[in-house]
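Tertiary structure, described
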Protein chains: 2
Amino acid sequence: MSQTVDRALSILPLLAEGPADLGQVADRLGVHKSTALRLLRTLHEHGLVYRQSDQRYRLGARLFALAQEAVENLDVREIAHPHLVRLNETCGHTVHLAVYEENEVLYIDKVESRYPVRMYSRIGKPVAITVAAVAKLLLADLPEPERRALADKLDYPMYTARSTPNAPAFLKELATVREQGWATDLGGHEESINCVAAPIRGADGRVVAAMSVSAPNVVVTADELLTLLPLVRRTADAISHEYSGKPPAKEESSRRP
Amino acid sequence: MSQTVDRALSILPLLAEGPADLGQVADRLGVHKSTALRLLRTLHEHGLVYRQSDQRYRLGARLFALAQEAVENLDVREIAHPHLVRLNETCGHTVHLAVYEENEVLYIDKVESRYPVRMYSRIGKPVAITVAAVAKLLLADLPEPERRALADKLDYPMYTARSTPNAPAFLKELATVREQGWATDLGGHEESINCVAAPIRGADGRVVAAMSVSAPNVVVTADELLTLLPLVRRTADAISHEYSGKPPAKEESSRRP
DNA sequence: GTGACGTGTTGCATCATGTGCAACGGTCAT
DNA sequence: ATGACCGTTGCACATGATGCAACACGTCAC
């Protein structure tokens, strides 16, 4: 809608691929060097872009700080965190919290496994949406047309032989998940890793987040992991309850006494 | 430099404080509602801003993804990570990696303690710059005028009785650190937490990053932690060595065969 | 039910602002 | 020295961002 801003923001994903110099930025934006320079300068002033010693640009520090503050302002996360920690203390495995937003599912919190073998994931990282247990829960709750539209639009990479292969299979799986109120990922993303997940619901019953427990085969078998399901569901329900209970808190946000 | 982009970017920190509606954004920017609307729409298209169900705006998901990709492109981090993990496996404590950028020091990697008591910190979070051991190392290596200017500009919050109280004390400490080539923080940030840190240097000898091991008093005393210093320094040197060795790698970034 | 707010949204005329150009000034390699 | 290359600056032009006013839609009071 706003050409200038649009161009400026297009620089960010471009730099996310790696550092680039002025000429490269200008070329890929399709604008004159001087224009690119002014855009980069503005981004720089706001700390979103950093100029490294070789004069090339890369993404800047404020970006982290912003993402940081953003994630800390999510009230689901705030409420859920102590529950996640407690669950981790009980079972020892990696615990994740994820939300759906704008065609993506992403982790917003994580408590690391206490076992030496850990899985790779990181807060802020978009989740493998077609296979992850938390993603299934979040998408299963979308309004039907939106769910269908999204399912059609997605790619279905075959991470393993047990990955969801295509849209119909995915929609069928979502129906099951929606029905039973929990979800699993048994080796659908990484051959040796299994997850069980449960939904967190707001006061209106809609799924606002999902949490999961993940563990590699070498630590516990899929069957053993499934025995944790009741515990995971109880934890998710506890969070749901607390979340629905007191949403109007947060006194500090009103600025006038 | 570019007014439009400047205004648009100013929205981000504003939303970082918490969700806001169109009117609030327009007011705080000092522009007309319609202008704010167009800016927000552009930000929205790029996923930097999300419109929640109550129509208010908050920071969006792409922000995380960007911060994510940015941190993964830092080659120091990439090289250092396995070393940090190994160090953590040896000593069991929390290991941090930090860089200096634009008047801030921030963590770019972290391996959690294997002890139940963990310290609060998060990747992307700006570090307590006047007391943290890694910050001392990074600032100690700045060119003298810049270091002095920065030291004068900083605040010196007294987190504890052992926090650095003011600029002269800080500069003195930096001189010591620069001299000895390592740094500590003994209860300067949190009464019961100690750190030892060592610098990672590029081929030209300049400090490009710093790493630290942190542990609370309840796990090991400060003296015990100090016995790890040689190990920490060896690790940092190993990273420095590897980092200086092969910086021109990264073949994939050239797009034409 | 009706009217009066408080929202977010759209079309449009004005001119401020962003734009590309061309010229300048460094740095590096030959 | 010389040329090629890259970042930077000043400037004239017109594109595109701006604020206004009017509209649309909801909520609330009465």
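This text gives an overview of the structure that appears in the document. Note that residues are indexed from 1 along each chain, following the sequence as it is written. By the order in which they are written, chains take letters starting at A while ligands take numbers starting at 1. With the structure being a predicted model, the display of local features is reserved for residues of pLDDT at least 70 and the display and counting of side-chain atom pairs for 80 or more, all residues being used for whole-chain, interface and lining totals. In computing side-chain properties, one takes all heavy atoms of the structure into account and sets aside hydrogens as well as water.

1. Focus on the protein's contact with DNA strand C
For this purpose, a residue is taken to be near a molecule or strand whenever a single non-hydrogen atom of the residue falls within 4 Å of it. In the region of DNA strand C, 19 residues are neighbours, and Arg7(A), Thr35(A), Arg38(A), Thr4(B) and Arg41(B) sit closest. Counting only atoms of DNA strand C within 4 Å of the protein, the sugar-phosphate share comes to 73%. Only runs of H or I of at least four residues qualify as helices and only runs of E of at least two qualify as strands under DSSP, and these elements are numbered from the N terminus. Elements with a contribution of two residues or more to the surface near DNA strand C: helix H1 (3-16) and helix H3 (33-45) of chain A together with helix H1 (3-16), helix H2 (22-29) and helix H3 (33-45) of chain B. It is H3(B) that contributes the most residues to the surface near DNA strand C, 4 residues altogether.

2. Considerations on the relation of the copies chain B and chain A
Alignment of the copies relies on least squares applied to C-alpha atoms, considering only residues that score at least 70 for pLDDT in both. Once turned by 180° and shifted 0.0 Å along the axis, chain B lies on chain A with an RMSD of 0.2 Å. This pairing of chains is accounted for by a two-fold axis. When C-alpha positions in chain B are compared against the rotation axis, the closest is assigned to Val5(B), at 2.4 Å. Whether two residues are in contact is decided by their heavy atoms, any of which lying within 4.5 Å being enough. When the interface residues of chain B are mapped onto chain A, 100% of them again fall at the interface, so both copies present the same face.

3. Looking at the protein's contact with DNA strand D
Around DNA strand D, 21 residues are found, and the nearest of them are Thr4(A), Leu37(A), Arg41(A), Thr35(B) and Arg38(B). Protein-proximal atoms of DNA strand D, defined as those within 4 Å of the protein, fall in sugar or phosphate at a share of 74%. When residues of the surface near DNA strand D are traced back to their parent elements, those giving at least two are H1, helix H2 (22-29) and H3 of chain A together with H1 and H3 of chain B. Among the elements that take part in the surface near DNA strand D, H3(A) stands out by supplying 4 residues, more than any other. Think of it as three bins: nonpolar holds Ala, Val, Leu, Ile, Met, Phe, Trp, Tyr, Cys and Pro, charged holds Asp, Glu, Lys and Arg, and polar takes everything else, Gly as well. Tallied by class, the residues present in the surface near DNA strand D amount to 5 nonpolar, 10 polar and 6 charged.

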